[in-house]
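# Inside the fold
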Amino acid sequence: MGSGELKNFQSKAEAVTIAAPRAVRLNNVSISFGIAGGKRFDAVAGTDLDVAGDEFLAIVGPTGCGKSTLLNVAAGLLEPASGSVEIFGRPLKGLNRQAGYLFQQDSLMPWKTVLENVAIGLEVSGVSTSEARKSAMEWLERVGLGGFADRYPRMLSGGQRKRVGLAQVLIRNPKLLLMDEPFGPLDAQTRLIMGDLLLNLWSEDKKAVMFVTHDLDEAIALADRIVIMSAGPKSRIIGDFRVSIPRPRDIAEIRHDPAFTELHKSIWHALREEVMTAYQQTNVAAQ
Ligand SMILES: Nc1ncnc2c1ncn2[C@@H]1O[C@H](COP(=O)(O)OP(=O)(O)OP(=O)(O)O)[C@@H](O)[C@H]1O
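Cut-offs applied
- Residues numbered from 1 in each chain as written.
- Predicted model: local features only at pLDDT ≥ 70, side-chain atom pairs only at ≥ 80, totals over all residues.
- Heavy atoms only, no water.
- Helix = DSSP H or I, 4+ residues; strand = E, 2+ residues; numbered from the N terminus.
- Buried < 20%, exposed > 50% of the residue type's maximum accessible area, 1.4 Å probe, protein only.
- Lys, Arg positive; Asp, Glu negative; His and termini not counted.
- Salt bridge = Lys/Arg side-chain N within 4 Å of Asp/Glu carboxyl O.
- Contact = heavy atoms within 4.5 Å.
- Patch = residues over 30% accessible without salt bridge, like charges linked within 9 Å, V, L, I, M, F, W, Y side chains within 5 Å.
- Areas by Shrake-Rupley, 256 points an atom, 1.4 Å probe, with all protein chains shown as cover.
- Near = heavy atom within 4 Å.
- Polar contact = N/O pair within 3.5 Å; in protein donor to acceptor, adjacent residues only side chain to side chain.
- Axes fitted to C-alpha atoms, helices over the stretch in contact; angles between N-to-C directions.
- Parallel < 35°, antiparallel > 145°, perpendicular 65-115°, else oblique.
- Left-handed = near helix turned anticlockwise from the far one by under 90°.
- Nonpolar A, V, L, I, M, F, W, Y, C, P; charged D, E, K, R; others polar.
- Core = buried A, V, L, I, M, F, W, Y, C linked by side-chain atoms within 4.5 Å.
- Phe/Tyr/Trp six-rings, centres within 6.5 Å; stacked < 30°, edge-to-face > 60°.
- Expected span 1.5 Å × (residues − 1).
- Arc of directions from axis to C-beta.
- Pairing = 2+ DSSP bridges.

What follows concerns the side chain of Asp180. When you line up the elements, Asp180 lands in strand β9 (residues 176–180). Among buried charged residues, Asp180 stands out as having no salt bridge; its nearest opposite-charge side chain is Lys67, 7.3 Å away. Apart from the residues lying within four places of it in its own chain, the contact partners of Asp180 are Ser68, Leu71, Tyr101, Leu102, Phe103, Gln104 and Val212.

This part takes up a nonpolar patch on the surface. The grouping of Phe33, Ile35 and Phe41 at the surface amounts to a nonpolar patch, some 240 Å² of accessible area in total. Its place among the elements puts Ile35 in the loop between β3 (22–34) and β4 (40–52).

Turning our attention to helix α1 (residues 67–75). By the criterion of burial, α1 is predominantly enclosed, with seven of the nine residues buried. Listed as buried for α1 are Lys67, Thr69, Leu70, Leu71, Val73, Ala74 and Ala75. Gly76 sits one or two residues past α1 and shows a positive phi near 80°.

On to the site of the ligand. Neighbouring residues of the ligand: 14 residues in total, closest Thr63, Gly64, Lys67, Ser68 and Thr69. Measuring from an oxygen atom of the ligand, one finds a backbone N or O atom of Gly64 at 2.9 Å. Contacts to the ligand include His214, whose side-chain N or O atom sits 2.9 Å from an oxygen atom. For the ligand, whose free accessible area comes to 640 Å², the fraction covered by protein is 62%.

A word on the packing of helix α2 (residues 114–123) against helix α4 (residues 158–170). In the contact formed by α2 and α4, the axes pass within 7 Å of each other and the chain directions differ by 25°. Taken together, the axes of α2 and α4 are roughly parallel relative to one another. Of the two possible hands of crossing, α2 and α4 adopt the one that is right-handed. When α2 is examined against α4, the residues Val114, Asn117, Val118 and Ile120 are found in contact with a partner set consisting of Val164, Ala167 and Gln168. In the contact of α2 with α4, the residues fall into five nonpolar, two polar and no charged.

What follows concerns the nonpolar core. Counting residues in hydrophobic clusters, the biggest one holds 54 residues, and the most contacted among them are Phe56, Leu166, Ile220 and Ile226. Residues in contact with Ile226, not counting those within four places in the same chain, are Ala58, Val60, Ala219, Ile220, Gly239, Asp240, Phe241, Val243 and Ile267. Core analysis: the next-biggest nonpolar cluster, separate from the first, contains 29 residues, Val24, Ile31, Ile59 and Ala75 among them.

Evaluation of the coordinates by the stated rule reveals four aromatic pairs. With a centroid separation of 5.5 Å and 80° between ring planes, the pair formed by Phe56 and Trp202 is classed as edge-to-face. Residue Phe56 is found in strand β5 (residues 56–60), and its partner Trp202 is found in helix α5 (residues 188–204); the two are separated by 146 residues along the sequence. Owing to a relative accessible area of 0%, Phe56 belongs among the buried residues under this scheme. Its relative accessible area of 4% is what places Trp202 among the buried residues. The structure contains a cluster of three or more aromatic residues connected by ring pairs, namely Phe56, Phe183, Trp202 and Phe211.

Each neighbour pair has its own omega, and for Gly232 with Pro233 the value is -5°, a cis peptide bond. Of note, Pro233 is situated in the loop between β11 (225–229) and β12 (237–242). In the segment running from Arg247 into Pro248, the intervening peptide bond is cis, with an omega of 0°. Its location among the elements puts Pro248 in the loop between β12 and α7 (258–286).

Bringing helix α3 (residues 129–142) into the picture now. Look at α3: 20 Å from first C-alpha to last across 14 residues, which is about the 20 Å you get at 1.5 Å a residue. Among the residues making up α3, those that are buried are Ala132, Ser135, Ala136, Trp139 and Leu140. Buried residues of α3, viewed axially, fall in a sector of 145°; they line one side. Residues Ser130, Lys134 and Glu141 are exposed on α3 and point more than 90 degrees away from its buried face. Buried residues in α3 make contact with α2, α4 and α5.

Turning our attention to the pairing of β5. Extensive coverage of β5 is indicated by the burial of five of its five residues. Both faces of β5 are covered, namely the face carrying Phe56, Ala58 and Val60 and the face carrying Leu57 and Ile59. The sheet contact formed by β5 and strand β10 (residues 208–212) spans four bridges and is parallel. Within the sheet, the bridge partner assigned to Ile59 lies in β10 and is Val212.

Next up, the structure:
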């Protein structure tokens, strides 16, 4: 069975395989930025990447290797210098309107209540205020913040703000979730709780996810598949690992699973040299 397929169980528990649409296809994508002195910096070179419609993909790599850059390409925020981008089988032109983007820094509006912040995602697409607020309330309950609807963002903890951010993105029901170190600023325990919440929501309605993280443990705990990027410039994908640990997963416990340790070892083996290379490069560039 290929990565772009899913199982649909019929009444007699008979499994039938049907093709799931491919959410993202990056075909030989290269990305370069104009920098000082009229020069160019080739951040990413010749990268191929497919993400299935129901796949949770984690992207891991050393600092500055181009993880956010790849997400920005899938979001349509950045146009590749060469190569092509397809979203659900169609060439991407302009902004990817099928994607929801969650950054490390949340984008809550401080003058709006939590409920208003979540509802706005629907209101901008023409849904009436009362409908949007009803749906926002349901989403707040799903992320465990039903009692916080009338609060303002400044009254929330970092983890609570993240939950609001998740509700704000998911209320629009995007078919593709682009997550750039979304739990980066949180403490270790809150990250675990957010990871569990994300997996619960995702398992109810499996979307394609591209999840950028520095944290290999987090990547293994959450993802179906992990790709590793090399140190830049001209970064590319140098490893592609399937995470075959069964779901549902308990993120706090999964680390004790021997399969977790084994996979961690293999991925770190591929990643370690790239991390050292990236560190040395930024050190030289700073001199
Ligand atoms: N607008 C830009 N102009 C010039 N160079 C850029 C620009 N944006 C990113 N870069 C460079 O492209 C490379 C990739 O950046 P990117 O932010 O994608 O890396 P990353 O892997 O997400 O890093 P980190 O893990 O540190 O967040 C880096 O070397 C960065 O300095």
